[in-house]
Amino acid sequence: MSSNVKEFNLGELFCGPGGMAYGAYLAKKQVKNKKVYSIKHVWGVDKDGDAIDTYKHNIAKESEAVGYHEDVNVFCKKKLKECTPINALAFGFPCNDFSIVGQQRGTKGRYGMLYKAGIKVINKFDPYWFVAENVSGIHSANDGKAFKKIINELENSGNFGGYNLTINLYKFEEYGIPQYRHRYLIVGIRKDQGVCFEVPKITHLPPEKINSENEKEFKPFMTSVEALDGIDPKNKLHVFAKNSPKIKERLMFTPPWRNAWYLDEMLCHKNDEEMFRNYLKDLPWYEDKFAKRSLESIVSRIENVKLNCKKARMSHIYKRLDADKPSYTITGSGGGGTHVYHWEDPRALTNRERARLQSFEDEFHFKGSRESVRKQIGMAVPPKAAKIIFEAILKTFAGKKYPCQPPTHNGDYFA
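Our subject in this report is the structure included herewith. (Residues numbered from 1 in each chain as written. Predicted model: local features only at pLDDT ≥ 70, side-chain atom pairs only at ≥ 80, totals over all residues. Heavy atoms only, no water.)

Quick look at the overall build of the chain
Looking only at helices and strands, one finds 14 helices and 12 strands in the chain. Relative to the globule expectation of 22 Å for 415 residues, the C-alpha radius of gyration of the chain, 23 Å, shows essentially globular dimensions. Taken along the three principal axes of its C-alpha coordinates, the chain extends 80 × 50 × 50 Å. When each of the 415 residues of the chain is scored for burial, the buried share is 53%. Relative to all contacts within the chain whose residues are 6 or more apart in sequence, the contacts with residues 24 or more apart total 71%. A distance of 5 Å separates the average location of the 66 positive side-chain charges in the chain from that of its 50 negative side-chain charges. (Helix = DSSP H or I, 4+ residues; strand = E, 2+ residues; numbered from the N terminus. Rg over C-alpha atoms; globule rule 2.2 N^0.38 Å. Buried < 20%, exposed > 50% of the residue type's maximum accessible area, 1.4 Å probe, protein only. Contact = heavy atoms within 4.5 Å. Lys, Arg positive; Asp, Glu negative; His and termini not counted. Charge placed at Lys NZ, Arg CZ, Asp CG, Glu CD.)

In structure tokens, the structure reads:
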């Protein structure tokens, strides 16, 4: 390697379809004093066969990376000794036991200790830097003890005196991603490198917070309608799901940015026609569809399609998007009602639309069944969010300044 090139060979655990890897591929090289700083993805590991096929199709062909279809614990035991050495690491360890949607069993859960695979790789290769990613709920799992344990182990990993950590809860909509997706990213840089990572400054705000004083500094949030504009109807992922008549009917009574429980709210006022119709008037299609309908007929239709659910009334169940807002969080699992629903058409989004909201370019091809692709998209790190982080890391090592802001967490928090 030329002495003027600082190439970081990136390995990744829990790589999924390659959202973070694609972000590394998109990250611009940084040049300082004729020295070039860049990232090359060399291998990724995931136990999902379809995700690895997607990774190989999109990432491996660009970087000659190796995709390992393997459980990470098995990989660490059997393949770590023989795989290509790395000097940078990324790992978005499974969030199942940290998500606020689940039981938050933290490190006591089935998946809670999988972060240790990252520790093993760090101890093996002593990368110059790493990026660890997880859901916002990791902060409170096990009364906060799980997060503190993970932070402590990451900080003291490796054989060069540990890592300087920058811990931040990123709200990706504030960086131009068309989705309210909040994730912790922990960036660690080896202490002997003498540099610390700074959190890139946000670039986007809600439109109502932009004024004449800050309009040159910030852009408005990217909306769902902007993100989904111009999708090629011939794209293989833009295939509409077969929504049942009952689901379509349920969505007809659900305004943008409201969920299935809105129907229950309406029915609470079925004996008060004025109040009931005030709810109906939140529907943009009220005048066309319901203004001339009798109260009795509308109530009957709603009672036929409302959900009979007393527990686990999560806010995203049959929730419709708002055209003028970013999407709510795209998920990769869950049954009926979790597929994300269009603000106007009474239907679930297609996988291509979900991929757009995750910032995947249309040229990024996914492998597997429709449900498998849905899972891959929902579990991925948005590539354009990862790109921002990787570019900031390259600038950090190149000694190039960039707009930054204080992290959400500092060392005192974990004392």
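Right, picking up where we left off after that structure.
Considerations on the pattern of salt bridges
Following the criterion strictly, the structure yields 18 salt bridges and no others. Here lysine 375 ties to aspartate 48 by a salt bridge, and the two come within 3.8 Å at their closest N and O atoms. Placement of the pair is lysine 375 in helix H13 (residues 370–379) and aspartate 48 in the loop between strand E3 (35–46) and helix H2 (49–63), with a sequence separation of 327 residues. Take lysine 375: its relative accessible area is 42%, and that puts it in the partly exposed class. Judged by relative accessible area, aspartate 48 falls into the buried class, the value being 18%. For arginine 347, the salt bridge goes to aspartate 345, with nearest N and O atoms at 3.5 Å. (Salt bridge = Lys/Arg side-chain N within 4 Å of Asp/Glu carboxyl O.)

Topic: the layout of surface pockets
Of the pockets and cavities examined, the second largest pocket occupies roughly 390 Å³. At 5 residues, the largest contribution of residues to the lining of the second largest pocket is made by helix H14 (residues 383–398). Its residues placed into classes, the lining of the second largest pocket shows 7 nonpolar, 2 polar and 7 charged. (1 Å grid on protein atoms, 1.4 Å probe; cavity = no way out; pocket = protein on both sides within 12 Å on 5 of 7 lines; lining within 4 Å. Points joined across faces, edges and corners; volume = space filled by probe spheres on them. Nonpolar A, V, L, I, M, F, W, Y, C, P; charged D, E, K, R; others polar.)

Describing the packing of helix H9 (residues 273–280) against helix H11 (residues 295–305)
Two elements in contact, H9 and H11, have axes separated by 12 Å at closest approach and are oriented at 60°. With respect to each other, H9 and H11 are oriented oblique. For the pair H9 and H11, the sense of crossing is left-handed. Of H11, the residues touching H9 (which contributes Glu273, Phe276, Arg277 and Leu280) are Leu295, Ile298, Val299 and Ile302. Across the contact of H9 with H11, the residue classes tally to 6 nonpolar, no polar and 2 charged. (Axes fitted to C-alpha atoms, helices over the stretch in contact; angles between N-to-C directions. Parallel < 35°, antiparallel > 145°, perpendicular 65-115°, else oblique. Left-handed = near helix turned anticlockwise from the far one by under 90°.)

As for empty space enclosed by the protein
Evaluated as defined, the whole model comprises 1 cavity of 30 Å³ or more. What the largest cavity holds in volume is close to 50 Å³. Around the largest cavity, the lining residues are Met20, Val131, Phe172, Leu185, Val381, Ala385, Ala386, Ile389 and Phe390. For the lining of the largest cavity, the leading source of residues is H14, giving 4 residues.

A look at helix H1 (residues 19–26)
Burial analysis of H1 places 6 of its 8 residues in the buried class, the great majority of the element. Regarding H1, the residues found buried are Gly19, Met20, Ala21, Tyr22, Gly23 and Ala24. Against strand E1 (5–13), E3, H2, strand E5 (88–91), strand E6 (129–135) and H14 lie the buried residues of H1.

Some details on the packing of aromatic side chains
The full count for this structure, using the stated rule, is 23 aromatic pairs. Ring geometry for phenylalanine 8 against tryptophan 129: centres 5.8 Å apart, planes inclined by 70°, an arrangement best described as edge-to-face. Of this pair, phenylalanine 8 sits in strand E1 while tryptophan 129 sits in strand E6; the two residues are 121 residues apart in sequence, bridging distant segments of the chain. Judged by relative accessible area, which is 0%, phenylalanine 8 ranks as buried. Centroid distance tryptophan 43 to phenylalanine 75: 5.2 Å. Interplanar angle 50°. Geometry classified as tilted. Remark: phenylalanine 75 occurs in helix H3 (residues 72–78) and tryptophan 43 occurs in strand E3; sequence separation between them is 32 residues. (Phe/Tyr/Trp six-rings, centres within 6.5 Å; stacked < 30°, edge-to-face > 60°.)

Considering unusual backbone geometry
The residue asparagine 33 is not glycine, and still its phi comes out positive at about 55°. Secondary-structure assignment places asparagine 33 in the loop between strand E2 (30–32) and E3. A positive phi angle, close to 50°, is found at tyrosine 318, a residue other than glycine. Assessed through its relative accessible area of 6%, tyrosine 318 is described here as buried.

Structural notes on the packing of helix H7 (residues 245–252) against H11
Closest axis-to-axis distance for the H7/H11 pair is 9 Å, and the angle between their directions is 125°. In terms of axis orientation, H7 runs oblique to H11. Seen from above, H7 lies across H11 with left-handed handedness. Seen from H7, the contacting residues are Lys246, Glu249 and Arg250; seen from H11, they are Arg301, Asn304 and Val305. Its residues placed into classes, the contact of H7 with H11 shows 1 nonpolar, 1 polar and 4 charged.

Considering the pairing of E5
Neither face of E5 is open: one carries Ala88 and Ala90, the other Leu89 and Phe91, and all of them are buried. Examined bridge by bridge, E1 and E5 share 4 bridges and lie parallel to one another. For leucine 10, the partnering residue across the bridge sits in E5 and is alanine 88. With 4 bridges joining them, E5 and E6 adopt parallel strand pairing. When the sheet's bridge partners are listed, alanine 88 is paired in E6 with tryptophan 129. (Pairing = 2+ DSSP bridges.)

Description of the side chain of arginine 356
Here arginine 356 is to be found in helix H12 (residues 351–357). Of note is the side chain of arginine 356, whose polar atom sits 2.9 Å from the side chain of aspartate 362. Non-local contacts of arginine 356, meaning those with residues more than four positions away in its chain, are made with Pro178, Ala227, Leu228, Asp229, Gly230, Ile231 and Asp362. (Polar contact = N/O pair within 3.5 Å; in protein donor to acceptor, adjacent residues only side chain to side chain.)

Any functional reading would require information that these geometric values do not contain.
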